[in-house]
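# Coordinate analysis (summary)
The primary structure of each chain is shown beneath.
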Amino acid sequence: MKISIITPVYKGNKYLDKLLNNLKRIGNNLPNKVSLEWILINDYPQEKIIPLENNCKKINIIKVSNKQNSGIHTTRVNGLKYATGEYIIFLDQDDKLAEDSINNFL
């Protein structure tokens, strides 16, 4: 089972390492058959999303850029086009999830 997490990014590189660390802690506590797909949608194409050190096998990171600034709602909808998970979570760039949240959702 895969869970897609969609995060719009607007001038948000400073938040991404912290959010990735949060998702790694969550990923490490998931059941074996559950994985995460983290879709970062860049809504500020003038700035590239920073490279992220992902050493967690439970998380696949997908980076996509809007052609132009489109706003948070359109950016979330664009993220849905890339999601392949059975469940979807929308997570803002400056949010975090409780470490047991996904297990509780499941």
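Taken in spatial order, the four strands of this open sheet run E3-E2-E1-E4, and their pairing is parallel. On the outer flanks of this sheet lie strand E3 (59-65) and strand E4 (87-90), each paired with one strand and no other. The average angle at which neighbouring strand axes cross in this sheet is 20°, direction not considered. Of the pairings in the sheet, the one linking strand E2 (residues 35-42) to E3 comprises seven bridges and is parallel in character. Opposite leucine 40, over in E3, you have lysine 63 as the bridge partner. Packing of helix H1 (residues 13-28) onto the sheet brings it into contact with strand E1 (2-9), E2 and E3, and relative to E2 it is tilted by some 165°. Set on the sheet, helix H2 (residues 72-80) makes contact with E1, E2 and E4; between it and E1 the angle comes to about 150°.

Looking now at H2. Taken together, the buried positions of H2 are occupied by Thr75, Asn78 and Gly79. Seen from one end, H2 has its buried residues packed into an arc of 100°, which puts them on one side. Packed against the buried residues of H2 are E1 and E2.

Rules behind the numbers
- Residues numbered from 1 in each chain as written.
- Predicted model: local features only at pLDDT ≥ 70, side-chain atom pairs only at ≥ 80, totals over all residues.
- Heavy atoms only, no water.
- Pairing = 2+ DSSP bridges.
- Helix = DSSP H or I, 4+ residues; strand = E, 2+ residues; numbered from the N terminus.
- Axes fitted to C-alpha atoms, helices over the stretch in contact; angles between N-to-C directions.
- Contact = heavy atoms within 4.5 Å.
- Buried < 20%, exposed > 50% of the residue type's maximum accessible area, 1.4 Å probe, protein only.
- Arc of directions from axis to C-beta.

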